[in-house]
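Structural characterization, general
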Amino acid sequence: MSFLTKQTTWSNWELWLFKACVFSGGIAAGLYFYRDLKDAFVFLVPFFVLTGIWAAFAWIKKMNQQKQ
């Protein structure tokens, strides 16, 4: 069962509020743990870049499979 293929009954406004809540919580956590995260920044940025590249290739691969 794929989580991303499920239909939701939430409106766009409700989803926007949820995203804003999660985003602001992440910023608040980052500000609270600033000193700890500053030390891990050197490891987090390359991890983000590598997983972002991997996700982009996986997305493109899946999009090409759906067209065929």
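All of these numbers come straight from a predicted model, not from anything done at the bench. (Residues numbered from 1 in each chain as written. Predicted model: local features only at pLDDT ≥ 70, side-chain atom pairs only at ≥ 80, totals over all residues. Heavy atoms only, no water.)

Here's the deal with the overall build of the chain
A count of helical and extended segments in the chain gives two helices and zero strands. Relative to its 68 residues, the chain shows a buried fraction of 0%. Accessible surface computed for the chain: about 7,100 Å², of which carbon and sulfur atoms make up 71%. (Helix = DSSP H or I, 4+ residues; strand = E, 2+ residues; numbered from the N terminus. Buried < 20%, exposed > 50% of the residue type's maximum accessible area, 1.4 Å probe, protein only. Areas by Shrake-Rupley, 256 points an atom, 1.4 Å probe, with all protein chains shown as cover.)

Section: the packing of aromatic side chains
Taken as a whole and assessed by the stated rule, the structure comprises two aromatic pairs. Consider the rings of W13 and W16, whose centres lie 5.2 Å apart with planes at 15°: the pair is stacked. Of this pair, W13 and W16 both sit in helix 1 (residues 12-32), separated by three residues, roughly a single helical turn. Residue W13 shares its accessibility class with W16, and that shared class is exposed. Ring geometry for Y32 against F33: centres 4.8 Å apart, planes inclined by 90°, an arrangement best described as edge-to-face. Among the residues examined, F33 registers a relative accessible area of 41% and is labelled partly exposed. (Phe/Tyr/Trp six-rings, centres within 6.5 Å; stacked < 30°, edge-to-face > 60°.)

Points about a nonpolar patch on the surface
Taken together, the side chains of F41, V45, F48, V49, I53 and F57 present a nonpolar region at the surface, about 630 Å² in accessible area. Structurally, the position occupied by V49 is in helix 2 (residues 34-67). Judged by relative accessible area, V49 falls into the partly exposed class, the value being 40%. (Patch = residues over 30% accessible without salt bridge, like charges linked within 9 Å, V, L, I, M, F, W, Y side chains within 5 Å. Salt bridge = Lys/Arg side-chain N within 4 Å of Asp/Glu carboxyl O.)

Just distances and angles here, no functional claims.
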